[in-house]
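Below, each chain spelled out in residue letters.
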Amino acid sequence: MNDATILVIEDDNWLSQQYSRILSAAGYEVEIASNALAAIELIDEINPDALILDVLLTGSTAFALLHELQSYSDTGSIPIVVCTNLANELKLEDLKPYGVKRILDKTTMVPDDLVVSMRSVLS
Amino acid sequence: MSATQGEHEQYLGGSLRDGLPSLVAAAHELKAPLALIRQLSLSLEDYTFGADEQKKMLRQISLTSESALRLTSDLTRSVRLSNALFKLEPINPQQLCEDVVHELTPFFAAHDCRVKLQHRKHPLLLIANRDLLRRIIMNFSDNALHYTDDNATVEIQIKSLSGGRIVRLGVRDFGPALSINVLNSLQSKLMDASTIIHARPQSSGLGLYISGQFADAMNGEIGIQRHRNGSTFFVDLQASNQLSLI
């Protein structure tokens, strides 16, 4: 069992449920937020150990959330795995200053990639 | 315009008449459902789940496939609009919307949401192409589902406007309201469908564009009405005067 809590920020309910299945099977505690605003509230409440973040969110993009998280020292240190259909258009180097440790391509990743990424960023 | 205080209404007509949806936008739009289907399938292959969970995942796969197929079918229809002849006829929107509600109920239930039709006492008739109008309402409903919170209800509404000359079919969601910024970005995206990938809504960009094309083909117009607790996407069509002749 892991003690770590992962916050999944994804506006596709079925995809977030899918991430939750896989991460829960690996022993992680999983919480889900479907938009940036809900994510900020949950981050304050549960103090997650890591985030899985979609880029295209309802209401605002993930970049607004990344900026917000970087504004505070406690949230700025949370490791983030970006999980997106736009992986080809993003560069990890550009996102590293925002706490992004990995970028997963939704179209090519396998379910285990989530667990491998979490182990990597939490190690 | 029938917006009440605190609400904002906007037609999306002008930009919709130019060009066809780009291949890039269409391809991007199909990525999300295909990626989800792939993730669910791979998980069913590699992991062990209980019978109920397996059934739920298989249901999600089939419903996601149906949604993606609807989009491809709409795209094909949209591309062929310019050289096709459409039969415009008097249609009872209540009956058409009841059919849509019946068809979408399982999809909404799987998302823990409901879709219902706000019934009217007095029947209305409008002039439209049955297939295109059905596709518009399905598109709006798909979009509304995306913006609706769990356990909420999406409502299909039929209204008479402009002294009975216009019939408005709207799909009302009760999720977070679209901000003016999102509304403006939606408007500008519609002017260039190829830029859809740079901004949200996965379920409203291309679908809305196609709906605009369909409405245009029926001499109608689509628009958005913002509310404090959600939005209504609507299509305005000419009323049929058959009823008044009777």
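As the structure is a prediction and not an experimental result, all values here were calculated from the model. (Residues numbered from 1 in each chain as written. Chains lettered and ligands numbered in written order. Predicted model: local features only at pLDDT ≥ 70, side-chain atom pairs only at ≥ 80, totals over all residues.)

J.: Explain the overall build of chain B residue by residue, including any values.
T.: Across its full length, chain B holds 7 helices and 8 strands. Pairs at least 24 residues apart make up 77% of the contacts formed inside chain B by residues separated by at least 6 positions. (Helix = DSSP H or I, 4+ residues; strand = E, 2+ residues; numbered from the N terminus. Contact = placed C-beta atoms within 7 Å.)

J.: Break down the nonpolar core for me, citing the residues and quoting the values.
T.: As a rule of thumb, soluble globular proteins bury nonpolar side chains together. Residues and elements named next belong to chain B. Counting 44 residues, the largest nonpolar core has I136 and I137 as the members making the most contacts within it. Top element by residues in this core is helix α4 (residues 130–147). It accounts for 9 residues. Residues within four places of I136 in sequence aside, it is in contact with S211, F214, A215 and V235. (Core = buried A, V, L, I, M, F, W, Y, C linked by C-beta atoms within 7 Å. Buried ≥ 20, exposed ≤ 12 C-beta atoms within 10 Å, placed from the backbone.)

J.: Now, about the interface of chain B and chain A: what can you tell me, with residues and values included?
T.: The interface of chain B with chain A comprises 18 residues on the first partner and 20 residues on the second. When residues in the side of chain B that touches chain A are grouped by element, the largest group, 9 residues, is from helix α1 (residues 23–46) of chain B. Among the residues making up the side of chain B that touches chain A, the classes are represented as 10 nonpolar, 5 polar and 3 charged. (Nonpolar A, V, L, I, M, F, W, Y, C, P; charged D, E, K, R; others polar.)

J.: Describe unusual backbone geometry, naming the residues involved and giving the relevant values.
T.: Residues and elements named next belong to chain B. The phi dihedral of D112 falls on the positive side, at around 60 degrees, and the residue is not glycine. Among the secondary structure elements, D112 is positioned in the loop between α3 (93–110) and β3 (114–117). Looking at D112, the number of C-beta atoms within 10 Å reads 12, which means it is exposed. A positive phi is found at N219, a non-glycine position, where the angle reads about 60 degrees. Looking at the secondary structure, you find N219 in the loop between α6 (205–217) and β7 (221–227).

J.: I'd like to hear about α6(B), residue by residue, with values.
T.: All names here are of chain B. Taking 1.5 Å of rise per residue, 13 residues should cover 18 Å, and α6 covers 19 Å from first to last C-alpha, within 8% of that figure. The buried fraction of α6 is high, at 11 of 13 residues. One or two residues past the end of α6 sits N219, with phi positive at roughly 60 degrees. (Expected span 1.5 Å × (residues − 1).)

J.: With reference to specific residues and values, describe the packing of helix α2 (residues 51–79) of chain B against α6(B).
T.: Residue and element names in this part refer to chain B. Where α2 meets α6, the closest approach of the two axes is 10 Å, and the angle between their N-to-C directions is 40 degrees. On the basis of their axis angle, the class for α2 and α6 is oblique. When you trace α2 past α6, the crossing you get is left-handed. Residues L71, D74, L75 and S78 of α2 lie in contact with α6, whose contacting residues are G207, I210 and Q213. Among the residues making up the contact of α2 with α6, the classes are represented as 3 nonpolar, 3 polar and 1 charged. (Axes fitted to C-alpha atoms, helices over the stretch in contact; angles between N-to-C directions. Parallel < 35°, antiparallel > 145°, perpendicular 65-115°, else oblique. Left-handed = near helix turned anticlockwise from the far one by under 90°.)

J.: Describe the environment of L125(B), and please don't skip the residues or the numbers.
T.: Residue and element names in this part refer to chain B. Along the chain, L125 turns up in the loop between β3 and β4 (126–128). Judged by local crowding, L125 falls into the partly exposed class, with 19 C-beta atoms found within 10 Å. L125 sits 32 residues away from P93 along the chain, and the two C-alpha atoms are 6.6 Å apart.

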